[in-house]
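# Summary of structural features
Listed below, chain by chain, are the residues.
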Amino acid sequence: MSLPEIPKSLIPFLQEYLPKDVPDRTVVTLTYAQSLDSRIAAKKGEQTKISHIETKTMTHYIRSKHDAILVGVGTVLADDPKLNCRFRIPGEAASHPRPIILDPHGKWAYSGSQLRQIAATKQGKAPFILIDNTTAIDPREQQALEDQGGRFVKLRFDNKDSPVKNWDLILQKLNDLGIGSVMIEGGATIINDLLTAPKLVDSLIITIGPTFLGKEGVEVSPISQVSLKEPKWWQGTQDVVLCARLNLFYTSI
Ligand SMILES: NC(=O)C1=CN([C@@H]2O[C@H](COP(=O)(O)OP(=O)(O)OC[C@H]3O[C@@H](n4cnc5c(N)ncnc54)[C@H](O)[C@@H]3O)[C@@H](O)[C@H]2O)C=CC1
Ligand SMILES: Nc1nc(O)c(N)c(N[C@@H]2O[C@H](COP(=O)(O)O)[C@@H](O)[C@H]2O)n1
């Protein structure tokens with residue numbers, strides 16, 4: 001499916017929140033779509049459409065501006081996503097980000113996935129799977145991945161009780177792999193952790209759809225208070241988009 005043109009006003013709106021070249025580190029954009037009651041899916045394991053076609057196109061435009069796109073294993077198991085870029089500037093080649101899957105314990109199988117079909121048909125790149133160095137890798141999975149230009153990347157996730165500390169390791173590894181910018185799409189576990197890590201997140205871009213997904217939904221609600229700075233709002237036909245940066249300290253009234 002090809003997407004329609006992006007609303008013209010979104011391009012200048014997003015500009016200052018998109019990654020710039022920063023030497024020696026990977027720039028991070030945290031971006032996702034949520035309901036009015038801060039849910040990103042209607043139920044655990046259930047992929048839920050929140051974005052209007054305009055903001056879906058925006059997400060693919062943002063994908064085109066990053067070297068990589070990262071999601072957790074909970075998201076690939078729930079959504080079987082494509083993680084490619086279906087946004088096209090007429091006359092230009094597609095700019096697909098490298099999918100990065102955070103799967104320390106090897107719970108996900110690449111071989112039966114949509115991502116594999118996407119890579120096989122050259123509609124996107126094969127993923128890099130970040131896996132703990134103590135987790136056994138199935139040689140057939142490794143072969144399937146490497147045949148298409150993907151790979152397993154071993155990491156020593158030694159901060160098992162501190163997900164935020166693991167992010168230092170993850171981002172250092174991405175930088176070592178030559179990835180200058182990463183768009184992190186979720187899921188909830190990752191978003192909730194990163195919202196409390198202002199030093200790691202360069203920009204936050206949230207699409208908010210006019211829907212309540214209810215108490216059974218997958219909630220975004222960080223463990224502690226988080227305040228935002230430089231907030232800017234865009235209003236579309238159906239959704240609003242919030243761009244902001246995370247404040248280093250919570251500021252109460
Ligand atoms: N509406 C939206 O924009 C989006 C919605 N989603 C939804 O989110 C849901 C999935 O969320 P979750 O279940 O929370 O899964 P998740 O995708 O956040 O993955 C969580 C898993 O990732 C790994 N992980 C996360 N942080 C880690 C760290 N710092 N170090 C090592 N490993 C780490 C762990 O294995 C953890 O169990 C799905 O229902 C999906 O549809 C996902 C992305 C975007
Ligand atoms: N921006 C946005 N809006 C929604 O309504 C969504 N449900 C999501 N979900 C994220 O997009 C991934 C699916 O990507 P593909 O279309 O398969 O490439 C999904 O895994 C979530 O990360 N995002």
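Throughout this document, residue positions are counted from 1 along each chain, in the order its sequence is written. To label them, take the chains in the order written and letter them from A, then take the ligands in the order written and number them from 1. Owing to the predicted nature of the model, reporting of local features is limited to residues with pLDDT of at least 70; listing and counting of side-chain atom pairs is limited to 80 or more, with chain, interface and lining totals taken over all residues.

Turning to the overall build of the chain, a few remarks are in order. In this description a helix means any DSSP run of H or I spanning at least four residues, a strand means any run of E spanning at least two, and both kinds are numbered starting from the N terminus. Scanning the chain for helices and strands turns up seven helices and eleven strands. Atoms counted for the radius of gyration: C-alpha only. Globule rule: 2.2 Å times the number of residues to the power 0.38. Here the C-alpha atoms of the chain give a radius of gyration of 18 Å, agreeing with the 18 Å that 2.2 N^0.38 yields for 253 residues. The dimensions of the chain, computed from C-alpha atoms along their principal axes, are 50 × 45 × 40 Å. Each residue is classed by its C-beta neighbour count within 10 Å, where at least 20 other C-beta atoms makes it buried, 12 or fewer makes it exposed, and intermediate counts make it partly exposed; the C-beta atoms are placed from backbone geometry. Across the 253 residues that make up the chain, the buried fraction comes to 39%.

Further remarks concern the pairing of strand 6 (residues 151-155). In terms of strand pairing, strand 5 (residues 128-132) meets strand 6 through five bridges, oriented parallel. Note on strand 6: the bridge partner recorded for Ile 131 is Lys 154. Orient the strands so they point away from the viewer; a crossover is then right-handed if the path from the first strand over the helix to the second runs clockwise. Crossover connection from strand 5 via helix 5 (residues 139-147) to parallel strand 6: handedness right-handed. DSSP calls a pair of strands paired once it identifies at least 2 bridges connecting them.

This next bit is on the site of ligand 2. Using the backbone to place each C-beta atom, any residue with that atom within 6 Å of a molecule or strand is considered near it. Looking at ligand 2, there are 16 residues lining it, with Ala 33, Ile 50, Ser 51, Asp 79 and Pro 81 nearest. Within the residue set of the shell around ligand 2, elements represented by two or more residues are helix 2 (53-64), helix 3 (73-79) and strand 7 (181-186). Under the convention adopted here, Pro, Cys and the residues Ala, Val, Leu, Ile, Met, Phe, Trp and Tyr are nonpolar, Asp, Glu, Lys and Arg are charged, and Gly plus all remaining residues are polar. Considering only residue class, the shell around ligand 2 consists of five nonpolar, six polar and five charged.

Another aspect to go through is the site of ligand 1. Residues in contact with ligand 1 amount to 27 residues; listed here are only the nearest, Tyr 32, Gly 72, Gly 74, Gly 186 and Gly 187. Residue contributions to the shell around ligand 1 peak at five residues, all from helix 3. Of the residues in the shell around ligand 1, the class split is 16 nonpolar, eight polar and three charged.

With that out of the way, let us pick up the confidence of the model for the chain. Per-chain confidence: the chain averages 94 in pLDDT, with 97% of residues scoring 70 or above. Reported confidence for the predicted complex is 0.99 by ipTM and 0.97 by pTM. A residue's pLDDT is the confidence the predictor assigns to it, expressed on a 0 to 100 scale.

We call a set of buried Ala, Val, Leu, Ile, Met, Phe, Trp, Tyr and Cys residues a nonpolar core when their C-beta atoms link them within 7 Å. Membership of the largest hydrophobic core comes to 59 residues, with the highest contact counts inside it found for Leu 70, Ile 100, Ile 101, Leu 130, Val 182 and Ile 184. Per element, the largest residue contribution to this core is five residues, and it comes from strand 1 (residues 27-34).

With that out of the way, let us pick up the environment of Gly 106. Among the structural elements, Gly 106 can be located in the loop between strand 4 (98-102) and helix 4 (114-120). Through-space distance from the C-alpha of Gly 106 to that of Ile 129 is 8.8 Å; in sequence the pair is 23 residues apart. Note that contacts rest on C-beta atoms placed from the backbone: two residues are in contact if these are within 7 Å. Residues within four places of Gly 106 in sequence aside, it is in contact with Ile 131, Thr 135, Ala 136 and Ile 137.

Looking now at helix 2. A helix is expected to span 1.5 Å multiplied by its residue count minus one. Taking 1.5 Å per residue, twelve residues should reach 16 Å; helix 2 reaches 17 Å between its end C-alpha atoms and fits that length. Counting buried residues in helix 2 gives nine out of twelve residues, a clear majority hidden from the surface. Residues Glu 54, Thr 55, Thr 57, Met 58, Thr 59, Tyr 61, Ile 62, Arg 63 and Ser 64 constitute the buried set of helix 2. As for helix 2, its buried residues are in contact with helix 1 (10-15), strand 1, strand 3 (68-72), strand 7, strand 8 (203-208) and strand 11 (240-246).

Glancing now at the sheet that holds strand 11. The strands that make up a sheet pair up through hydrogen bonds in the backbone, lying either parallel or antiparallel. The strand order across the open sheet formed by nine strands is 6-5-4-3-7-1-8-11-10, and the pairing between neighbours is mixed. In the strand order of this sheet, the two ends are held by strand 6 and strand 10 (228-235), each with one partner. Direction aside, the axes of adjacent strands within the sheet are offset by 25 degrees on average. Sheet analysis places strand 1 next to strand 7, joined by four bridges and oriented parallel. Paired with Val 27 across the two strands is Ser 181, which belongs to strand 7. Between N-to-C directions, angles span 0 to 180 degrees; the directions come from axes that are lines fitted to C-alpha atoms, helices contributing only their stretch in contact. Those strands touched by helix 2 are strand 1, strand 3, strand 7, strand 8 and strand 11, and its axis lies near 165 degrees from that of strand 1.

Here the bond from Gly 186 into Gly 187 is cis, since omega is 5 degrees, no more than 30 degrees from zero. Along the chain, Gly 187 turns up in the loop between strand 7 and helix 7 (188-194). Non-glycine residue Lys 122 carries a positive phi angle of around 60 degrees. The exposure class assigned to Lys 122 is exposed, which follows from the 11 C-beta atoms found within 10 Å.

Moving on: the environment of Ile 6. Along the chain, Ile 6 turns up in the segment before helix 1. Judged by the 19 C-beta atoms lying within 10 Å of it, Ile 6 is partly exposed. Note: C-alpha distance between Ile 6 and His 60 (54 residues apart in sequence) is 9.4 Å. Those residues in contact with Ile 6 that sit more than four places away from it in its chain are Ile 11, Thr 57, Met 58, Tyr 61 and Phe 87.

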